[in-house]
Amino acid sequence: MFEIGNSLRDARMRRELDFPELEQGTRIRSKYLRALEDENFDQLPGPTYVKGFLRTYADYLGLDGQLYVDEYNVRYSTGDGLLERRVHRSTVPRPRRRRHRRVESNVVWFALIGIAAVTAVVIAGWRYASSDQTPSRDLPAVKARATPHAAGGLLVTAKKGASTLLIVRAKSDSGRQLWNGTLSDRDAQRFDARHGLWVYLASPENVEMTLNGRSVVVGGSMPRSLIVTAGDIRAAGPGT
């Protein structure tokens, strides 16, 4: 175990960074950065934000953000956090697998990817034929335009030279975590939106989004949370 706050503070002081500069670089408010260094985690909106901010702040300081998230899960999180930590560790590949098992596994994965690609194209074509525009509520300046041959689901892409913290959960902000990290410089992540998604963007102006092959513009420089379904994107209300 190590002291999360003191470790972050020492790294910041070694690099001679001040909070206004850090706020601009991480897109996280200074009061939240101070709360992380003081380990006053109850001053942040919730555990999801704590872990997302911890990862982003640590990575920005040149540290291993996942180590800080793991330490937070051990010391402060509920059973869901510990489960998330075990899942993260279980994704590390085991050494010395037999050659024939690797070949069989690759064949299965290629087959699944091919099936998924064909299914995505069919779904995208069907949705394009049935609707000329992606409906959206409560989001001003949301526009949609058709993109030929685009795959289905929600695609989030960082603009060239820009970055943002992205957190995605199933259905709501208390749902199973699907992604927690920083997208930067054309990095992209795709998510299945058929059963609903909760999406947090620290810097909405730094991303491009498509839903089922149609471009969706979500402007604004302030962090925002969204609810995404198979045919709709709207602002997330309290408790969603």
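The structure under discussion appears in the preceding block.
Chains are numbered independently. Their residues run from 1 in the order of the written sequence. Owing to the predicted nature of the model, reporting of local features is limited to residues with pLDDT of at least 70; listing and counting of side-chain atom pairs is limited to 80 or more, with chain, interface and lining totals taken over all residues. Computation of side-chain values: all heavy atoms of the structure, hydrogens and water removed.

Any carboxyl oxygen of Asp or Glu within 4 Å of a side-chain nitrogen of Lys or Arg constitutes a salt bridge here. Enumeration over the complete set of coordinates arrives at eight salt bridges. R27 is paired through a salt bridge with E205; the nearest N and O atoms lie 2.9 Å apart. Pair noted here: R27 is in the loop between α2 (19-26) and α3 (30-38) and E205 is in the loop between β7 (197-201) and β8 (207-211), with a separation of 178 residues, a long-range link. Buried residues are those whose accessible area, probed at 1.4 Å on protein chains only, stays under 20% of the maximum for their type, while exposed residues exceed 50% and partly exposed ones sit between those limits. Taking relative accessible area as the criterion, R27 reaches 32% and is therefore assigned partly exposed. Between D192 and R194 there is a salt bridge whose closest N-O contact spans 2.6 Å. Among the ionic contacts, a cluster of salt bridges with common partners joins R9, R12, E37 and D38. Runs of E in the DSSP output that reach at least two residues are strands. Runs of H or I that reach at least four are helices, and both are numbered from the N terminus.

What follows deals with the side chain of D70. Its location among the elements puts D70 in helix α5 (residues 65-75). Looking at D70, its side chain comes within polar contact range of the side chain of Q66, at 2.8 Å. In protein, a polar contact means a hydrogen-donor-capable atom and an acceptor-capable atom, both N or O and within 3.5 Å, with residues adjacent in sequence counting only if both atoms are side-chain atoms; elsewhere, any N or O pair within 3.5 Å suffices.

A separate point is the nonpolar core. We define the nonpolar core as a collection of buried residues of types Ala, Val, Leu, Ile, Met, Phe, Trp, Tyr and Cys that are connected through side-chain atoms lying within 4.5 Å of one another. Membership of the largest hydrophobic core comes to 28 residues, with the highest contact counts inside it found for L8, L36, F53, L54, Y57 and Y200. Elements with a minimum of two residues in this core: α1 (4-14), α2, α3, α4 (47-60), α5, β4 (163-170) and β7. The element contributing the most residues to this core is α4, with six residues. Not counting residues up to four positions away in its chain, the partners in contact with L36 are G5, L8, F41, L44, V50, F53, L54 and Y57. Counting 19 residues, the second largest nonpolar core, distinct from the first, contains L154, L166, V168 and V199. By definition, residues are in contact when any of their heavy atoms lie within 4.5 Å.

By the burial criterion, the buried members of α1 are I4, G5, L8, A11 and R12. The arc enclosing the buried residues of α1, seen along the axis, measures out at 135°, which places them on a common side. Exposed residues lying more than 90 degrees from the buried face of α1 are M13 and R14. Residues of α1 that are buried make contact with α2, α3, α4 and α5. Each C-beta atom gives one direction from the helix axis, and the arc is the one those directions make.

Before going further, it helps to examine a nonpolar patch on the surface. The patches reported here contain residues having more than 30% relative accessible area and no salt bridge. Joining distances are 9 Å for like charges and 5 Å for nonpolar side chains (Val, Leu, Ile, Met, Phe, Trp, Tyr). Here the open area of atoms and residues is found with the Shrake-Rupley method and a 1.4 Å probe, where only the protein chains shown may cover a residue. Together, W109, F110, L112, I113 and I115 line one region of the surface with nonpolar side chains, adding up to about 600 Å² of accessible area. Of the residues examined, L112 reaches a relative accessible area of 46% and is grouped as partly exposed.

Among the eight residues of β4, seven are classified as buried, and the element is accordingly described as predominantly covered. Inspection of the sheet shows β4 paired to strand β5 (residues 177-184) by seven bridges, in the antiparallel sense. Residue T164 lies in a different strand from β5, and its bridge partner there is L183. A strand pair is defined by DSSP finding two or more bridges across the two strands. As consecutive antiparallel partners, β4 and β5 are separated by six residues, and within that stretch K171 has a phi angle of approximately 70°, a positive value. Sheet topology places β4 next to β7; five bridges connect them, and they run antiparallel. Within β7, the position partnered with R169 by the bridge is W198.

On to the side chain of S30. Considering the arrangement of structural elements, one finds S30 in helix α3. Among the residues examined, S30 registers a relative accessible area of 12% and is labelled buried. Discounting residues that sit within four places of it in the chain, S30 has contacts with F19, P20 and E23.

What follows deals with α2. Three or more residues of α2 are buried, namely F19, L22 and T26. Along the long axis of α2, the arc covered by the buried residues comes to 55°, so they all point the same way. In α2, the exposed positions that point more than 90 degrees away from the buried face belong to P20 and Q24. At the N-terminal boundary of α2, the capping side chain belongs to D18, with an oxygen 3.1 Å from the backbone nitrogen of E21. One or two steps after α2, the chain reaches R27, where phi turns positive at roughly 65°.

For Phe, Tyr and Trp, rings pair up if their centres lie within 6.5 Å, where Trp contributes its six-membered ring, and each pair is then called stacked (planes under 30 degrees apart), edge-to-face (over 60) or tilted (otherwise). Within this structure, the stated rule accounts for seven aromatic pairs. A centroid spacing of 5.2 Å and a plane angle of 85° characterise the contact between F41 and Y72, whose relative ring orientation is edge-to-face. Within this pair, whereas F41 is found in the loop between α3 and α4, its partner Y72 is found in helix α5, the two being separated by 31 residues in sequence. Here F41 matches Y72 in class, with each residue buried. Aromatic side chains Y49 and Y200 sit 4.9 Å apart centroid to centroid with 85° between the ring planes, which places their arrangement in the edge-to-face category. Highlighted residues: Y49 in helix α4 and Y200 in strand β7, separated in sequence by 151 residues. Judged by relative accessible area, which is 17%, Y49 ranks as buried. Given a relative accessible area of 5%, Y200 falls into the buried group.

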